[in-house]
Amino acid sequence: MSLPLKLPVKLPGTNRLREFLDGLAPRERNLIAAGLLVLLPVGFYLYVWQPINAERERLAQRVGQLRGELAQLRADGEEIKRLRAQPPMHGADSLEAGARAAAARFGLSPQQAVLTVQGSDRLLVSMDSVAFDTWLRWVAELGLQGVSLAACKVESLPAPGTVRVRATLDRKPA
């Protein structure tokens, strides 16, 4: 007993396919039908289900990464709010005092961060070896306190992430 293979839709080339199938022996038609029954689910899995599943897993990992980044951004936002809430520096020696206080908060020792006062609103900074990210955070905090970089020279050192810095800081006029 052979399975009749009827094509329900008239597609281009169906007549040639019908002629081909009619020319086969019943056993060959059954073998083709059984092969299609096996190949269609395998093809569906390989070309539809597996790519969708892999993409779902990739997106689930990306969501985890983005949640971590969001948590970091929220923590950074809280740090920015804290820094902005600090009172601005005032007085003739406050530029040096504020810079030294900020340096101490970031773990920069007086030997590591040599500060030389040039008037009430200018400060020369010399650091022979400092972590670049610490330097940037220190300057950013000073920026929130009304201090700007007038000049800066940063040289990379052989140790990864460390630099030599020569800079001039100016206090913005009130």
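Our subject is the structure that appears above.
Fair warning: this is a prediction, and the values are worked out from it, not measured in the lab. (Residues numbered from 1 in each chain as written. Predicted model: local features only at pLDDT ≥ 70, side-chain atom pairs only at ≥ 80, totals over all residues. Heavy atoms only, no water.)

Visitor: Describe the overall build of the chain, and please don't skip the residues or the numbers.
Guide: When helices and strands are tallied, the chain shows four helices and four strands. Listed by position from the N terminus, the elements making up the chain come as α-α-α-β-β-α-β-β. Out of the 174 residues belonging to the chain, those deemed buried represent 24%. Residue pairs in contact within the chain that sit at least 24 positions apart in sequence constitute 54% of those at least 6 positions apart. Carbon together with sulfur atoms contributes 62% to the accessible area of the chain, which is approximately 12500 Å² in total. (Helix = DSSP H or I, 4+ residues; strand = E, 2+ residues; numbered from the N terminus. Buried < 20%, exposed > 50% of the residue type's maximum accessible area, 1.4 Å probe, protein only. Contact = heavy atoms within 4.5 Å. Areas by Shrake-Rupley, 256 points an atom, 1.4 Å probe, with all protein chains shown as cover.)

Visitor: Explain the side chain of Thr168 residue by residue, including any values.
Guide: Tracing the sequence through the fold places Thr168 in strand S4 (residues 162-171). Excluding residues that lie within four positions of it along the chain, Thr168 makes contacts with Arg122, Leu123, Leu124, Ser148, Leu149, Ala150 and Ala151.

Visitor: Tell me about the sheet that holds S4, and name the residues and values.
Guide: Spatially, four strands are ordered S1-S2-S4-S3 in an open sheet, and the strand pairing comes out antiparallel. Edge positions in the sheet fall to strand S1 (114-117) and strand S3 (147-156), since each of these pairs with one other strand and no more. Averaged over neighbouring strand pairs, the angle between their axes works out to 15° when direction is ignored. The sheet contact formed by strand S2 (residues 122-131) and S4 spans eight bridges and is antiparallel. Within S4, the position partnered with Met127 by the bridge is Val165. Contacts between helix H4 (residues 132-144) and the sheet are confined to S1, S2, S3 and S4, with S2 contributing the most and set at about 155° to the helix. (Pairing = 2+ DSSP bridges. Axes fitted to C-alpha atoms, helices over the stretch in contact; angles between N-to-C directions.)

Visitor: Before we move on, can you summarise the packing of helix H3 (residues 94-105) against H4 with the specific residues and values?
Guide: A packed helix pair is summarised by two numbers, namely the angle formed by the two axes and the spacing between the axes. Contact geometry for H3 and H4: axes closest at 10 Å, N-to-C directions at 140°. Compared by their axis directions, H3 and H4 come out oblique. Regarding H3 and H4, the two cross each other, and that crossing is right-handed. On the side of H3, the interface is formed by Gly98, Ala99, Ala102, Ala103 and Arg105, while H4 contributes Trp138, Glu141 and Leu142. Taken together, the residues that form the contact of H3 with H4 break down as five nonpolar, one polar and two charged. (Parallel < 35°, antiparallel > 145°, perpendicular 65-115°, else oblique. Left-handed = near helix turned anticlockwise from the far one by under 90°. Nonpolar A, V, L, I, M, F, W, Y, C, P; charged D, E, K, R; others polar.)

Visitor: Please give an account of the packing of aromatic side chains that cites residues and values.
Guide: Working definition: an aromatic ring pair is given by the centre-to-centre distance plus the angle between the planes. Applying the stated criterion to the full structure yields one aromatic pair. Seen in terms of ring centroids, Trp135 and Trp138 are 5.7 Å apart; in terms of plane orientation they differ by 45°. Their pairing is tilted. Here the residue Trp135 and the residue Trp138 both occupy positions in helix H4, the gap between them amounting to three residues, near one helical turn. Each of the two residues, Trp135 as well as Trp138, counts as buried. (Phe/Tyr/Trp six-rings, centres within 6.5 Å; stacked < 30°, edge-to-face > 60°.)

Visitor: Describe the layout of surface pockets, and please don't skip the residues or the numbers.
Guide: Taken as a whole, the largest pocket spans an internal volume of roughly 200 Å³. Lining the largest pocket are Asp76, Glu79, Ile80, Leu83, Phe106, Arg137, Ala140, Glu141 and Leu144. If you list the elements that add at least two residues to the lining of the largest pocket, you get helix H2 (26-85) and H4. Among the residues making up the lining of the largest pocket, the classes are represented as five nonpolar, no polar and four charged. (1 Å grid on protein atoms, 1.4 Å probe; cavity = no way out; pocket = protein on both sides within 12 Å on 5 of 7 lines; lining within 4 Å. Points joined across faces, edges and corners; volume = space filled by probe spheres on them.)

Visitor: Give a detailed account of the pattern of salt bridges, specifying residues and quantitative values.
Guide: A complete count under the given rule lists eleven salt bridges for this structure. We note a salt bridge from Glu55 to Arg58, for which the minimum N-O separation is 2.7 Å. Here the residue Glu55 and the residue Arg58 both occupy positions in helix H2, the gap between them amounting to three residues, near one helical turn. Given the relative accessible area of 36%, Glu55 is considered partly exposed. Three or more residues are tied together by salt bridges with common partners; here these are Lys153, Glu155 and Arg164. (Salt bridge = Lys/Arg side-chain N within 4 Å of Asp/Glu carboxyl O.)

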